[in-house]
Amino acid sequence: MRLEKCWFCSSTIYPGHGIQFVRNDAKTFRFCRSKCHKNFKMKRNPRKVKWTKAYRRLHGKDMTQDATFEFERKRNRPERYDRNVAENTLKAIKTIDKIRVAREARHHAMRMKGKKAIEQKAAVKELEQSIHMVKAPLALQQEPSLTLPKIKVSVSQPVAETLMEE
């Protein structure tokens, strides 16, 4: 069973799925779904469309350089079947998959590290602005430390002007 990659979004295409387009120069393009095919026909660049793998890699959202990607490459050289080699390969695939998942999790954690502090500051600011919604009004009156300090402003009374009579 041969699994192909979509030319536009780089997702896996299983046998019997997707669309294949052959250009006049005999170059074949495989697409996983009509969405990718339509974007290709509209001459959109996959590196500029946000949901594609190319965009995510280009903008640092996904891992780009990793040794585990080397095992996923397509090889067109036929190999003689050997039961021991096949068994060891299947074991290696499982361990490589575990390593890749761990590295992706680490990559995601590093990306989200700075975002956590920003979200926490925004949450504190929102809580300060709307503390009256969280705490009951009676609790705020009993414990003044929960409320923001009130600023007293003196307002001068306007001087009564003489009324004009006609």
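If you're wondering where the values come from, they're calculated on a predicted model, not measured in any experiment. (Residues numbered from 1 in each chain as written. Predicted model: local features only at pLDDT ≥ 70, side-chain atom pairs only at ≥ 80, totals over all residues. Heavy atoms only, no water.)

Draft legend 1. Structural view of the packing of aromatic side chains. Summed over all chains, the structure comprises 7 aromatic pairs. Note on Phe29 and Phe40: the rings are 4.8 Å apart at their centroids and 40° apart in plane angle, and the pair reads as tilted. Here Phe29 is found in strand β4 (residues 28-31), whereas its partner Phe40 is found in helix α1 (residues 34-41), with 11 residues between them in sequence. The same class applies to Phe29 and to Phe40, which are both buried. Sitting over the face of the ring of Phe29, Lys27 holds its NZ or CZ atom 4.8 Å from the ring centroid. A cation over a ring is seen here: Lys35 above Trp51, with NZ or CZ 4.1 Å from the ring centre. (Phe/Tyr/Trp six-rings, centres within 6.5 Å; stacked < 30°, edge-to-face > 60°. Helix = DSSP H or I, 4+ residues; strand = E, 2+ residues; numbered from the N terminus. Buried < 20%, exposed > 50% of the residue type's maximum accessible area, 1.4 Å probe, protein only. Lys NZ or Arg CZ within 6 Å of the ring centre and 35° of its normal.)

Draft legend 2. Representation of the side chain of His37 in the model. You can see His37 is positioned in helix α1. With residues near it in sequence (within four places) discarded, His37 still touches Ile19, Phe21 and Phe31. (Contact = heavy atoms within 4.5 Å.)

Draft legend 3. Looking closely at a nonpolar patch on the surface. On the surface, Met1, Leu3 and Tyr14 cluster together to form a nonpolar patch covering roughly 390 Å² of accessible area. Considering the arrangement of structural elements, one finds Met1 in the segment before β1 (4-5). (Patch = residues over 30% accessible without salt bridge, like charges linked within 9 Å, V, L, I, M, F, W, Y side chains within 5 Å. Areas by Shrake-Rupley, 256 points an atom, 1.4 Å probe, with all protein chains shown as cover. Salt bridge = Lys/Arg side-chain N within 4 Å of Asp/Glu carboxyl O.)

Draft legend 4. Structural context of the side chain of Asn39. Mapped onto the fold, Asn39 is located in helix α1. Within polar-contact distance, the side chain of Asn39 engages the backbone oxygen of Lys35 at 2.8 Å. Leaving out residues up to four positions away in the same chain, Asn39 has contacts with Phe8, Arg44 and Trp51. (Polar contact = N/O pair within 3.5 Å; in protein donor to acceptor, adjacent residues only side chain to side chain.)

Draft legend 5. Seen up close, the environment of His17. With respect to the secondary-structure elements, His17 resides in the loop between β2 (12-13) and β3 (19-22). On the basis of relative accessible area, His17 is assigned to the exposed category, the value being 55%. Taking C-alpha positions, His17 is 8.0 Å from Arg33, a pair spaced 16 residues apart along the chain.

Draft legend 6. Inspection of the pairing of β4 at higher detail. Along β4, the buried face is formed by Phe29 and Phe31; none of Thr28 and Arg30, which line the opposite face, is buried. Bridging between β3 and β4 involves 4 bridges; their strand directions are antiparallel. Bridging from a neighbouring strand, Val22 pairs with Thr28 of β4. Between β3 and β4, which pair antiparallel in sequence order, lie 5 residues; one of them, Ala26, sits at a positive phi of approximately 70°. (Pairing = 2+ DSSP bridges.)

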